[in-house]
Amino acid sequence: MTDPLPIKIDDHPFRFFDNREKYLLFVTTTSEKAVIAERVGRELGRINPRPPALKIFDAGMGNGVVLRRVLQDMHCRFPTVPFVVVGKEISMEDTRLSLDELPDRFAEHPQTVVVISNLYYAEAPGLMPNQAAAQENMQWWDVPLTGKTAHDFSKQIGELDDILQQGWQTKSSTKTGNPLYVTPSVLVLYREDHAFSLHDIIPQRGKSMQDYDLVIAAQPYRSRTSADFKVDKILAPLARFLGVGGRMVVVQSTGLDPGMEIIRQVWPNEDPFLTPRHTLITALKEALNKDTTSYTFDGASDDRSLFTYHMHALPEEIGSNIGTSTLLAAWNAAVYVAQIEDDRLNEVLRHGDYLEATKRVIHRHGGLWFQDESFVVVRNT
Ligand SMILES: C[S@@+](CC[C@H](N)C(=O)[O-])C[C@H]1O[C@@H](n2cnc3c(N)ncnc32)[C@H](O)[C@@H]1O
C-alpha cells in the first residue's frame, strides 16, 4: 500500500488538515454535517442500549458538528440513559473545535462521559496504544467539570488549551507524510456533580474499552487511499470494537454529482473515488468473517445508501448573475470534496477560468449538490 507522495509546505510534508481554510469554508457553506448526522440518526433507532451505558465511538471527529448533532438525537431518544462518548482526533485545531461543541451536551444530558484521544484508528476505540512504549508514555487527563450550566462548562473547556498544547502535537510519517501523534493522549470529561453515578463507566487508564453500540466512520480517510488501507487500517479494526448488536455506519463521497462535474471541467480525467461501497463491503466481509464473530452488512441498495447534501445558496444568488463569493464557495466545496492537492490547485488558480467552469455547472443544475453513500456493519455474535 503506498499513499500518494506528499507535497512540501515549508519544511514538512503536506498534512491533510493543513488546508483548514477549505475545510472551514466547506463545513459552513454546505449542509453535509447536518445530513450525515441525520443518516447516522437512522441507526439510533436500530440499537438496543444495555446497562450501564450507551457507548458510541466517533472515528475522526473533525469539527465535532456531526457528533454534537448525533448526541442531541441520542438525548431525544434516550433521555435517561448514561452515555459514554469516545472520539478520536489527531488535529489539535479540530479537537479544539469539537470541544467547543460539548458544553450544551453536558448541560442537557448530565449523565455523559466524553473521552477524546489522538490515538490511531486501531487503538482509539480501546483507548490503548498498540506499542508498549506508547502505553508507557500515554498522557491521561481526567477532568471533572464543576458547575451546572453550559456557561460553566464552556469556561472550563475553554481553559483546556494547555492540555491540547501538551497532548496534541503531531509529527509527519517519513513514509507516508501522514500525521502521527508525538505523545499518545487521552482527555476524559464528565460533570463533577454526576461523578458518583458515572463512576463505573468513566474509563480508567490501562483498561481497554470494548463493545460499542454505535461507531461513526464518516469521511474518515483520504479518498485516494486504497481499499486495503481503508479496510485493514481503519474499518476492520473499528468494527472489531462493536458489541453484539452494535452498528458501524460508514459514510464516504461518491463523486456522482455536479461537484465532480466542476472538477472534470478543469481536470478531465480526475477520479478520486476509487473504492465505492461495494468494493469496501467485499473486502470487509473477507477481513471480518474470518473468525467466529459474525458480521452482516447493510448498504447494498441505493435507496438505503445514497444521500445528497447541497451548498447553501439563496435562489437569487444562483440566478443569471452569480456573485463571486458564491462561485468561490462552490469551487472551494468541489475542490475540498475531490481532495485536490494544493500544488495542483495553485497551478489552476493562476488561470482563473475555473470560475467560469463553476458557473456553467451551477447554471446547468440550478445550484450545487453532492452525493455521499453509506453502509452499515452489524455485529451479530
Ligand atoms: C473530513 S473529516 C470528517 C470529520 C467528521 N467525521 C465529519 O464527518 O464531519 C476527516 C476526519 O478524518 C481524520 N483523518 C483523515 N485522514 C487521517 C489520517 N491519515 N490520520 C488520522 N486521521 C485522519 C481527520 O482527523 C478528520 O477527523
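Each residue is numbered by its place in its chain's sequence as written, counting from 1. Per-residue local features are limited, in this predicted model, to residues with pLDDT of at least 70; the limit for side-chain atom pairs, both in listing and counting, is 80 or more; totals at the level of whole chains, interfaces and linings are taken over all residues. To get the side-chain values, all heavy atoms of the structure are used, and hydrogens and water are removed first.

1. Observations concerning unusual backbone geometry
Here's step 1: In this structure, the amide linkage connecting proline 51 to the following residue, proline 52, adopts the cis form with an omega of 10°.
Here's step 2: Position of proline 52 among the secondary structure elements: in the loop between helix H2 (32-44) and strand E3 (54-59).
Here's step 3: In this structure, leucine 127 takes a positive phi of about 55° despite not being glycine.
Here's step 4: In this description a helix means any DSSP run of H or I spanning at least four residues, a strand means any run of E spanning at least two, and both kinds are numbered starting from the N terminus. Mapped onto the elements, leucine 127 comes out in the loop between strand E5 (112-117) and helix H6 (132-137).
Here's step 5: Exposure classes here rest on a 1.4 Å probe applied to the protein chains alone. A residue is buried below 20% of its type maximum, exposed above 50%, and partly exposed in between. Classification of leucine 127 as buried rests on a relative accessible area of 1%.
Here's step 6: Of note in the backbone geometry, glutamine 219 takes a positive phi value of approximately 50° without being a glycine.
Here's step 7: By the element assignment, glutamine 219 lies in the loop between strand E10 (212-218) and helix H10 (227-239).
Here's step 8: For glutamine 219, a relative accessible area of 26% corresponds to the partly exposed category.

2. Notes on the pattern of salt bridges
Here's step 1: Put simply, a salt bridge is a Lys or Arg side-chain nitrogen that is within 4 Å of an Asp or Glu carboxyl oxygen. Overall, the coordinates contain 24 salt bridges when judged by the stated rule.
Here's step 2: With its nearest N and O atoms 2.7 Å apart, the salt bridge here joins aspartate 73 to arginine 77. In this pair, aspartate 73 and arginine 77 are both assigned in helix H3 (residues 65-77), 4 residues apart and thus about one turn of the helix distant.
Here's step 3: According to the relative accessible area criterion, arginine 77 is partly exposed, its value standing at 38%.
Here's step 4: Note that aspartate 161 is salt-bridged to arginine 96, the shortest N-O span being 2.9 Å. Here the residue aspartate 161 occupies a position in helix H8 (residues 161-167), and arginine 96 occupies one in helix H4 (residues 92-99), the gap between them amounting to 65 residues.

Nothing here speaks to function; it is all geometry.
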